[in-house]
Amino acid sequence: METEEYIIAMREYFHENPELSFKEFKTADRLEKELRDMGLNPKRITETGIIADIKGKGKKTVAIRADIDALPVTEENKVDYVSKNKGVMHACGHDTHMAMLLGAAKMLIAEKEKLNGNIRLIFQPAEELPPGGAVGMIKNGALDGVDYIIGQHIMGFIPAGKIAIYYKEMMANADEFDIKIHGKGGHGSAPQDSIDAVYITAHLIEMLNTIVSREIDPQEPAVITTGTVNSGYRYNIIAAHAELTGTVRTFNIEVQEKIIKRIKDILEGLKSIYGIEYEYEYKKGYPVLVNNEKIAKYIEEAAKRVVGKDNIIYPKPNMGGEDFAYFLQKVPGSYYFIGGSNPERGIDSMNHSPTFDVDESALYTGAKVLKEAAMEILNKE
């Protein structure tokens, strides 16, 4: 099977058979089979995390990482390779990441005699579920002997054929908060005898939105999003309790700490005004993803050879989060985006959407960029 056909076939297999974070057992089994079929010796270093080495000539080692988990999303696409696992979908493109890395491995093995060093393939579980799979992979030796690391992510807002390069900060701190409001329930006809948790929660959401708009320097990127609100029992009952969860995205640690404190201050104010009690939990998630400029430049040069300089773009930092950041805290490396959309074919949904899909013409391109980038680093370093 030709490499491009192989990559597409593998992508469609993984897309049909998605598995959730830390439960990617069948996925890992298939990855090991494919790697063994290439003549490699894959090692399971966590329950579902795999590494495999391609030995070349030289001492330096470049790692290439792909994440392997899917999301709890019910797919709405009408495609031949639709998910067979109801309620689970590769809605973020990790199926393509695995397929592209397998394709890059085939290309690298074919040119093994030209390798001025070694390649480590890293198939990492659980990118989608903090604390993520990267920490466990690192703890169990994924980066032992590795000098540099690269990775890519397919994106629904970038056209197929485009490569997005970031030289410094690329993705944000990705934090989570959980707030429980405890008021006093009562009859809907007698609000004077109650402490209305729904009413107070509405105030809270409005006040959270003023932290960024009125207390953070407008030149400092920051986002506070309330994602869920749950409260109430019946139309004529004043709710005693409410719970809301959300996310905070920042690039600056001082901004992050200020937001944490201001949420607490707002809750204390509501307690003083309305007499509520509350519970507040703030969980710091993935750290800021900061690329190494030199490695980013190598990736850019390699990508130019594959897609041409006119197809290299330089977007602003993205407020999403990524546990690839943990790898970059250990060794020099860089992450980048590859385009996967094609509006003319109706492929234009964002990542995490139940209609997310990719133009499969992008997959061979992505595999080739990985291969060329790894060889560029080994040749230059």
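Just so it is clear, the model here is predicted, and its values are computed rather than measured.

Thresholds applied
Residues take numbers from 1 onward in each chain, read along the sequence in its written order. The model is predicted, so local features are restricted to residues of pLDDT at least 70 and side-chain atom pairs to those at 80 or more, both for listing and for counting; the totals for chains, interfaces and linings are taken over all residues. Only hydrogens and water are removed before side-chain values are computed, so all heavy atoms of the structure are retained for them. Secondary structure elements are defined from DSSP: runs of H or I of at least 4 residues count as helices, runs of E of at least 2 residues count as strands, and each element is numbered from the N terminus. Atoms counted for the radius of gyration: C-alpha only. Globule rule: 2.2 Å times residue count to the power 0.38. When accessible area is computed with a 1.4 Å probe and restricted to protein chains, residues below 20% of their type maximum are described as buried, those above 50% as exposed, and intermediate ones as partly exposed. When checking whether two residues touch, look at their non-hydrogen atoms; a contact exists if any pair is within 4.5 Å. Methods summary: accessible areas were calculated by the Shrake-Rupley approach with a probe of 1.4 Å, and residue burial reflects only the protein chains presented. Neither His nor the chain ends is counted toward charge; the positive residues are Lys and Arg and the negative residues Asp and Glu. For charged residues, the charge sits on one atom: NZ in Lys, CZ in Arg, CG in Asp, CD in Glu. The aromatic pairing rule takes the rings of Phe, Tyr and Trp, using the six-membered ring of Trp, and pairs them if the centres are within 6.5 Å, calling planes under 30 degrees apart stacked, those over 60 edge-to-face and the rest tilted. DSSP calls a pair of strands paired once it identifies at least 2 bridges connecting them. Look down the strands so they point away from you; if the path from the first strand over the helix to the second goes clockwise, the crossover is right-handed. Simply put, an axis is a line fit to the C-alpha atoms, just over the touching stretch for a helix, and the angle between two N-to-C directions goes from 0 to 180 degrees. For the purposes of these results, a polar contact is taken to be a pair of N or O atoms within 3.5 Å, where, inside protein, one atom must be able to donate a hydrogen and its partner to accept one; residues adjacent in sequence count only when each atom of the pair is a side-chain atom. Between the first and last residue of a helix there are one fewer steps than residues, each counted as 1.5 Å, and that sum is the expected span. A pair is scored as a salt bridge if a Lys or Arg side-chain nitrogen falls within 4 Å of a carboxyl oxygen belonging to Asp or Glu. Note on angle classes: values under 35 degrees are labelled roughly parallel, values over 145 roughly antiparallel, values of 65 to 115 roughly perpendicular, and the remainder oblique. Two helices crossing with the near one rotated counterclockwise from the far one by less than a right angle form a left-handed crossing, whereas a clockwise rotation gives a right-handed crossing. Residues are sorted three ways: Asp, Glu, Lys and Arg are charged, Ala, Val, Leu, Ile, Met, Phe, Trp, Tyr, Cys and Pro are nonpolar, and all the rest, Gly among them, are polar.

(A) How the structure looks around the overall build of the protein. Within the protein, the regular secondary structure consists of 9 helices and 16 strands. At 23 Å, the protein has a C-alpha radius of gyration in line with the 21 Å of a compact globule built from 381 residues. Of all 381 residues assigned to the protein, the portion counted as buried reaches 52%. Look at the contacts in the protein between residues 6 or more apart in sequence, and 81% of them connect residues 24 or more apart. Entry remark: accessible area of the protein is about 17100 Å², with carbon and sulfur atoms responsible for 49%. Charge centroids of the protein, computed over 46 positive and 57 negative side chains, lie 4 Å from each other.

(B) Geometry of the packing of aromatic side chains. Under the counting rule described, the total for this entry stands at 7 aromatic pairs. Summarising the aromatic geometry, the rings of Phe-157 and Phe-337 are spaced 6.2 Å apart at their centres and angled 90° between planes, so their arrangement reads as edge-to-face. Note that Phe-157 is positioned in strand β5 (residues 148-159) and Phe-337 in strand β16 (residues 333-341), a separation of 180 residues in sequence. With relative accessibility at 38%, the residue Phe-157 sits in the partly exposed group. For the ring pair Tyr-166 and Phe-337, a centre distance of 5.5 Å and an interplane angle of 80° mean the geometry is edge-to-face. With Tyr-166 in the loop between β6 (163-164) and β7 (169-171) and Phe-337 in strand β16, this residue pair connects regions lying 171 residues apart in the sequence. Classification of Phe-337 by relative accessible area gives buried; the value is 1%.

(C) Structural view of the pairing of strand β4 (residues 118-124). For β4, a buried count of 7 out of 7 residues is recorded, marking the element as mostly surrounded by other parts of the structure. Direction of pairing for strand β3 (residues 61-67) relative to β4: parallel, over a ladder of 7 bridges. Across the sheet, Ala-63 pairs through a bridge with Arg-120, a residue of β4. Handedness of the crossover joining β3 and β4 through helix α3 (residues 94-110) is recorded here as right-handed.

(D) Representation of the sheet that holds strand β12 (residues 241-250). Ordered in space as β10-β12-β8-β13, the 4 strands form an open sheet in which the pairing is antiparallel. What marks the edges here is a single partner per strand, and that holds for β10 (222-231) and β13 (277-286). Between one strand and the next, the sheet's axes are offset by a mean angle of 15°, whatever the strand orientation. Here 8 bridges tie strand β8 (residues 173-182) to β13, and the two strands are oriented antiparallel to one another. In the strand pairing of β13, Ile-179 is matched with Tyr-280. Each of β8, β10 and β12 touches helix α5 (residues 197-215); the most contacted strand, β10, lies at about 170° to it.

(E) The side chain of Ser-83, seen in detail. Looking at where Ser-83 falls in the secondary structure, it is placed in the loop between β3 and α3. The class of Ser-83 is buried, set by a relative accessible area of 15%. Among the polar contacts made by the side chain of Ser-83, one reaches the main-chain amide nitrogen of Asn-85 at a distance of 3.1 Å. Polar side-chain contacts of Ser-83 include one of 2.7 Å to the backbone oxygen of Val-88. Sequence-distant contacts of Ser-83, that is, excluding residues within four places in its chain, are made with His-15, Glu-16, Pro-18, Glu-75 and Val-88.

(F) Spatial organisation of the side chain of Asp-357. Secondary-structure assignment places Asp-357 in the loop between β16 and α9 (361-380). Taking the relative accessible area as the measure of exposure, Asp-357 reaches 10% and is therefore buried. At a separation of 3.0 Å, a polar atom in the side chain of Asp-357 contacts the side chain of Tyr-81. Setting aside anything within four residues of it in sequence, one finds Asp-357 in contact with Arg-11, Asn-77, Val-79, Tyr-81, Gly-340 and Ile-347.

(G) Just the environment of Lys-264, in detail. Mapped onto the elements of the fold, Lys-264 is located in helix α6 (residues 253-274). What makes Lys-264 partly exposed here is its relative accessible area of 38%. Measuring from C-alpha to C-alpha, the distance between Lys-264 and Glu-293 comes to 37 Å, with 29 residues separating the pair along the chain. Dropping the residues within four chain positions of it, Lys-264 is found in contact with Tyr-278 and Tyr-280.

(H) Region of interest: α9. The end-to-end C-alpha distance of α9, which contains 20 residues, comes to 29 Å, matching closely the 28 Å that a straight helix rising 1.5 Å per residue would cover. With respect to burial, α9 is a largely interior element, 15 of its 20 residues being buried.

(I) Representation of the pattern of salt bridges. As enumerated under the stated definition, the model contains 30 salt bridges in all. With a closest N to O distance of 2.9 Å, Glu-322 and Arg-65 form a salt bridge. Of this pair, Glu-322 sits in the loop between β15 (312-313) and α8 (324-328) while Arg-65 sits in strand β3, and the two are 257 residues apart along the sequence. A single burial state applies to Glu-322 and to Arg-65, both of which are buried.

(J) The packing of helix α7 (residues 293-307) against α9, seen in detail. With their axes 8 Å apart at the nearest point, α7 and α9 run at an angle of 130° to one another. Between α7 and α9, the interaxial angle falls into the category oblique. As α7 packs across α9, the resulting crossing turns out to be right-handed. For the pair α7 and α9, contact is made by Ile-295, Tyr-298, Ile-299, Glu-301, Ala-302, Ala-303, Arg-305, Val-306 and Val-307 and by Thr-365, Lys-368, Val-369, Glu-372, Ala-373, Glu-376, Ile-377 and Lys-380, respectively. Considering only residue class, the contact of α7 with α9 consists of 10 nonpolar, 1 polar and 6 charged.

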